[in-house]
Amino acid sequence: MELTILFGTFVFLLLIGTPIAFCLGIASLATVMYIGIPPLIVFQRLNSGLSVYALLAIPFFIYAGDLMVRGGIAGRLVAFAGSLVGHARGGLGQVNVAASTLFGGVSGSAVADASAIGGLMVPQMEKRGYGADYAVNITVVSSIIALMMPPSHNMIIYSISAGGTISIADLFTAGVVPGLLLAASLMVVSWWVAVRRGYPTESFPGWRMVAILFVGAIPGLLLIGIIFGGVRSGVFTATESSCIAVVYAVVATIICYRSLSFHDFTQATLGAVRTTAMVLLIIGMAAAFGWLLAYLRVPAELVAFMKSVSDNPFVILLMVNVMLLGLGSFMDMSPLIIITTPIFLPVVTAYGVDPVQFGVIMVLNLGIGLCTPPVGAVLFVGCAIGKISVWQAMRSIWPFYGAAVFVLALVTYVPAVSLWLPSLFR
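Keep in mind it's a predicted model, so treat the numbers as computed, not measured. (Residues numbered from 1 in each chain as written. Predicted model: local features only at pLDDT ≥ 70, side-chain atom pairs only at ≥ 80, totals over all residues. Heavy atoms only, no water.)

Undergrad: Sorry, what's going on with the overall build of the protein chain here?
TA: Summing up its helical and strand segments, the protein chain has 23 helices and 0 strands in all. Expected size for 426 residues packed as a compact globule is a radius of gyration near 22 Å; at 21 Å, the protein chain falls within 12% of this value. For the protein chain, the C-alpha atoms occupy an extent of roughly 70 × 45 × 45 Å along the three principal directions. Across the 426 residues that make up the protein chain, the buried fraction comes to 55%. In the protein chain, of all internal contacts separated by at least 6 residues, the share reaching a separation of at least 24 is 79%. About 17,000 Å² of surface is accessible on the protein chain, with carbon and sulfur atoms providing 71% of the total. Averaging the positions of the 17 positive and the 13 negative side-chain charges in the protein chain gives two centres separated by 10 Å. (Helix = DSSP H or I, 4+ residues; strand = E, 2+ residues; numbered from the N terminus. Rg over C-alpha atoms; globule rule 2.2 N^0.38 Å. Buried < 20%, exposed > 50% of the residue type's maximum accessible area, 1.4 Å probe, protein only. Contact = heavy atoms within 4.5 Å. Areas by Shrake-Rupley, 256 points an atom, 1.4 Å probe, with all protein chains shown as cover. Lys, Arg positive; Asp, Glu negative; His and termini not counted. Charge placed at Lys NZ, Arg CZ, Asp CG, Glu CD.)

Undergrad: What am I meant to see in the packing of aromatic side chains here?
TA: Each aromatic ring pair is summarised here by two numbers: the centre-to-centre distance and the angle between the ring planes. Scanning the entire structure with this criterion turns up 6 aromatic pairs. Relative to Y413, the ring of F314 has its centre 5.2 Å away and its plane inclined at 15°; by these criteria the two rings are stacked. One end of the pair, F314, is in helix α17 (residues 313-328); the other, Y413, is in helix α22 (residues 398-413), with 99 residues separating them in the sequence. Grouped by ring-pair contacts, the aromatic residues Y130, Y134 and F400 constitute a single cluster. (Phe/Tyr/Trp six-rings, centres within 6.5 Å; stacked < 30°, edge-to-face > 60°.)

Undergrad: Can you walk me through helix α4 (residues 57-70) in this structure?
TA: Its 14 residues give α4 an end-to-end C-alpha distance of 20 Å, which sits within 8% of 20 Å, the value for a rise of 1.5 Å per residue. The buried fraction of α4 amounts to 11 of the 14 residues, a majority that puts the element mostly inside the structure. Those residues of α4 that sit buried are A57, I58, P59, F61, I62, Y63, A64, G65, D66, L67 and M68. Two residues or fewer after α4 comes G72, characterised by a positive phi angle close to 90°. (Expected span 1.5 Å × (residues − 1).)

Undergrad: Help me understand the packing of helix α10 (residues 153-161) against helix α18 (residues 333-349) in this model?
TA: When two helices pack together, their arrangement is given by the angle between their axes and by how far apart the axes lie. Where α10 meets α18, the closest approach of the two axes is 9 Å, and the angle between their N-to-C directions is 35°. Crossing hand, α10 versus α18: right-handed. Along the contact surface, α10 presents N154, I157, Y158 and S161, while α18 presents M333, S334, I337, I338, T341, P342 and L345. The class makeup of the residues in the contact of α10 with α18 is 7 nonpolar, 4 polar and no charged. (Axes fitted to C-alpha atoms, helices over the stretch in contact; angles between N-to-C directions. Left-handed = near helix turned anticlockwise from the far one by under 90°. Nonpolar A, V, L, I, M, F, W, Y, C, P; charged D, E, K, R; others polar.)

Undergrad: Looking at this model, I keep getting lost on unusual backbone geometry. Mind explaining?
TA: Comment: phi is negative for the bulk of residues other than glycine, and the bulk of peptide bonds are trans. Despite not being glycine, K387 shows a phi value in the positive range, around 55°. You can see K387 is positioned in the loop between α20 (377-386) and α21 (390-396). Owing to a relative accessible area of 77%, K387 belongs among the exposed residues under this scheme.

Undergrad: How do you make sense of the pattern of salt bridges when you look at a structure like this?
TA: When charged atoms on two side chains of opposite charge get close, those side chains can pair. Taken as a whole, this structure holds 1 salt bridge when the rule is applied. Note that R197 is salt-bridged to D133, the shortest N-O span being 3.0 Å. Pair noted here: R197 is in helix α12 (residues 176-197) and D133 is in helix α8 (residues 132-142), with a separation of 64 residues, a long-range link. Taking the relative accessible area as the measure of exposure, D133 reaches 18% and is therefore buried. (Salt bridge = Lys/Arg side-chain N within 4 Å of Asp/Glu carboxyl O.)

Undergrad: Honestly, α18 in this entry has me stumped. Any pointers?
TA: For an α-helix, 3.6 residues make a turn, and residues three or four places apart therefore share a direction. The largest bend in α18 is about 50°, located at T341, with the proline P342 one to four residues further on. When you tally the buried positions in α18, you get 14 out of 17 residues, the bulk of the element. (Bend = angle between axes of the 7 residues up to and from the residue.)

Take a look at the structure:
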């Protein structure tokens, strides 16, 4: 009955359009009142969920990404990517993927990637004869790459949800190879679709122009090396690197590029505050919800159920992936990581799956959920930029979606895809 109240209240509030943070909080409060636990426990768990030092990295990485978008770094990364791959068939589609890969290493956010790269690329692609659905689809799915590349704040949330025992440096490193594989797969698919539709190619600007654009993109590219190299080498923690990223973003956009106005600076600051408040409220409420799941022995019951179905690790991982894909299409990513990590992590580790590998599986899986209706946040952002309906996008998104699922299968069943690079750095 307790689980019925918990999930029933949550689903009902979700269906009537209640914000996700309040769905989690009200469902938790209703359940503890039914059980007879003092309601104060919900607020205590909310507070303990937020009182984690590593969470400080999230607002600073969000802030740094917003500063770089408004300061013109995204545009310079797009220009550099275009000079490298724009001459291939469907060149602007290739540019879109390459730019998402480069900018993902700066922002670490799929929504920021879709907003920044989509705002630059989608209008250009439509103007040069590309279908609006093609432009939106490649923008939406390639934004998942940002979730895999450091500084992905979802990797930080996963580490905290797992009890803080998993190295954030290992998680950052483990996402690099899958992120690059996803970029390569999407480039192949975008080329194939472009060939079928007869989309044009762009002229190659020459190596001299490539070098000029590369020099212009260096300040933005350096940030990737500073964050990854500093965290991986142990010079500073992920939280410290986020503060350095903000300082570097201000210096790069004001001194190097001279493109960040005071108005843009204040708007980036206010935007970061709003986004941080929203994200942290969801994290706090999800911590209370997750505690109730543990209190009601949901993880233990799920382990027992899965073992009754099969003892084959391949089948168990398939079941977990299907469940996560289904959940990811209805809920936002951050609360799902906090809620489902304590449930599924004990299940997969019981079958010998490395927690770092499972972190990459979860982030990529739920990233695909961001591109899936009815609650795909990134899909809605892309459709709003391209001014098309979700139905128009979904009719032709399947080749790109299939590329992402293919990489998810590789990460799931070939551990070396995610674990090779961390072991090399160790």
